[in-house]
Amino acid sequence: MKYIDMHCDTITALYRENGSLSENNLHNDLNKMKKGECMLQNFAVFTHIQKDDSSFTKKAIDYYYKEIEENKDIIRPVYTYQDILDNDSKGYISGMLTLEEGSVIDGDLKNLEWYYDKGVRMITLTWNFVNGIGYPNFIPGETEGDIMYHYDREHGLTDFGIEYVRKMEELGMIVDVSHLSDAGFYDVLKYTSKPFVASHSNARALCGVARNLDDDMIRKLSERGGVTGLNFCSVFIEDHNEEMTTIENMVRHIRHIADIGGIDCIGLGSDFDGIGNKLEIVDASGMQKLYMALKPYFSEEDIEKIFYKNVLRVYKEVLK
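Quick caveat, the model's predicted, so the values are computed rather than measured.

A. Molecular detail of the side chain of Ser178. Residue position: Ser178 is located in the loop between β6 (174-176) and α7 (182-191). Here the side chain of Ser178 touches His200 through a polar contact of 3.0 Å, landing on its backbone nitrogen. When neighbours within four sequence positions are excluded, Ser178 is seen to be in contact with Thr124, Thr126, Val197, Ala198, Ser199, His200, Ser201 and Arg211.

B. Examining the packing of aromatic side chains more closely. Taken as a whole and judged by the stated rule, the model has 12 aromatic pairs. Seen in terms of ring centroids, Tyr15 and Phe56 are 5.3 Å apart; in terms of plane orientation they differ by 65°. Their pairing is edge-to-face. Note that Tyr15 is positioned in helix α1 (residues 10-17) and Phe56 in helix α3 (residues 54-70), a separation of 41 residues in sequence. Tyr15 gets classed as partly exposed once you look at its relative accessible area, which sits at 22%. When the ring of Phe185 is compared with that of Phe196, the centres are 5.6 Å apart and the planes differ by 70°; the resulting orientation is edge-to-face. In this pair, Phe185 sits in helix α7 while Phe196 sits in the loop between α7 and β7 (197-198), placing the two residues 11 residues apart along the sequence. The exposure classification of Phe185 matches that of Phe196, with both residues buried. Note that Lys66 overlies the ring of Tyr63, its terminal NZ or CZ placed 4.5 Å from the centroid.

C. Examining helix α10 (residues 287-294) more closely. Looking only at α10, the buried set comprises Met287, Gln288, Leu290, Tyr291 and Leu294. The buried residues of α10 occupy an angular sector of 150° when the element is viewed end-on, so they sit on one face. Of the surrounding elements, those touching the buried residues of α10 are β1 (3-5), α2 (30-36), α9 (247-261), β10 (266-268) and α11 (300-318).

D. Up close: the packing of helix α4 (residues 81-90) against α11. The N-to-C vectors of α4 and α11 enclose an angle of 135°; their axes lie 8 Å apart at closest approach. The angle between the axes of α4 and α11 places the two elements in the oblique class. Residues Tyr81, Ile84 and Leu85 of α4 touch α11, and the partners they reach there are Leu312, Tyr315 and Lys316. Among the residues making up the contact of α4 with α11, the classes are represented as five nonpolar, no polar and one charged.

E. Spatial organisation of the pairing of strand β2 (residues 38-46). Buried residues dominate β2, accounting for nine of its nine residues. Pairing geometry for β1 and β2, over three bridges, is parallel. Paired with Ile4 across the strands is Leu40, a residue of β2. As defined by bridge partners, β2 adjoins strand β4 (residues 93-100) across seven bridges and the pair is classed as parallel. Counterpart to Phe46 in the pairing with β4 is Glu100.

F. Structural detail: the side chain of Gln288. One can find Gln288 in helix α10. A polar contact of 2.7 Å, which involves the side chain of Gln288, links it to the backbone oxygen of Met1. Contacts of Gln288, omitting those with residues within four sequence positions, involve Met1, Gly36, Glu37 and Phe307.

G. Seen up close, the pairing of strand β5 (residues 120-124). The buried fraction of β5 amounts to five of the five residues, a majority that puts the element mostly inside the structure. Examined bridge by bridge, β4 and β5 share four bridges and lie parallel to one another. Bridging across to β5, Thr98 finds its partner in Met122. Handedness of the crossover joining β4 and β5 through helix α5 (residues 109-117) is recorded here as right-handed.

Quick notes on the rules
Residues numbered from 1 in each chain as written. Predicted model: local features only at pLDDT ≥ 70, side-chain atom pairs only at ≥ 80, totals over all residues. Heavy atoms only, no water. Helix = DSSP H or I, 4+ residues; strand = E, 2+ residues; numbered from the N terminus. Polar contact = N/O pair within 3.5 Å; in protein donor to acceptor, adjacent residues only side chain to side chain. Contact = heavy atoms within 4.5 Å. Phe/Tyr/Trp six-rings, centres within 6.5 Å; stacked < 30°, edge-to-face > 60°. Buried < 20%, exposed > 50% of the residue type's maximum accessible area, 1.4 Å probe, protein only. Lys NZ or Arg CZ within 6 Å of the ring centre and 35° of its normal. Arc of directions from axis to C-beta. Axes fitted to C-alpha atoms, helices over the stretch in contact; angles between N-to-C directions. Parallel < 35°, antiparallel > 145°, perpendicular 65-115°, else oblique. Nonpolar A, V, L, I, M, F, W, Y, C, P; charged D, E, K, R; others polar. Pairing = 2+ DSSP bridges. Right-handed = clockwise from strand over helix to strand, strands pointing away.

Here it is, written out as structure tokens:
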């Protein structure tokens, strides 16, 4: 079963290590992706804004294209929905460039156009810091108790953030609300009209961290035609579990999200190479283990939706 993965940190890791997309010791490389039957991998350039700035982002983007060019017999970049179909028909894996940390446009929406022209087609608006666009999942300045379980329902998008998401829609870029505060989620819902995604977020009803979506968010995301991508990180799968992500618990989240939002709102967003814990699906080569684990609960048609068709539908609706 081919799959689309909405989020990984592989390119950022490779850039920092001067590593190869062809073969490496990370969760993701082309050999592993071929074995796992990858159709399309979103490659996020993650910028830690307390350590790096947009110059880092731009250099990492250059590295992405260098690796794509060196491996063009296996993988090709995509800019439009049709590119995805063309690559698939020709037997190529597709790579989509995304950003994790929207503030790298340096406060100027013209720079958003620059990133679009460079091939960026999805942006995770915030990471774990307030950034001029909006607020992260965790309440700024909160110090008491476990910050991962404090939901920010007060601080959403800024005025600039509202302009930002509207400009993204105009350009044909996919808005990603993973890492965004609860209030920010509802602001995106209010100030946009197209489907958006939570590229790597799970169900808060099963794991209560602020990074996950509560049931109302899942319903609202589904009603808009959006998708949430299952995050493989253990602390977003099971409360206070920093050891191992089991396939059984991954399936629990998929089943819950499908029960709440319907089968059309669930996809995959592994967070490969952004995860520190052990995985029962050790790397991208093991994606078919999840396929087999879903077979007792879902029809083949529904597993196709989970593995790639739901995300592909969103891309068709938003990309130009």
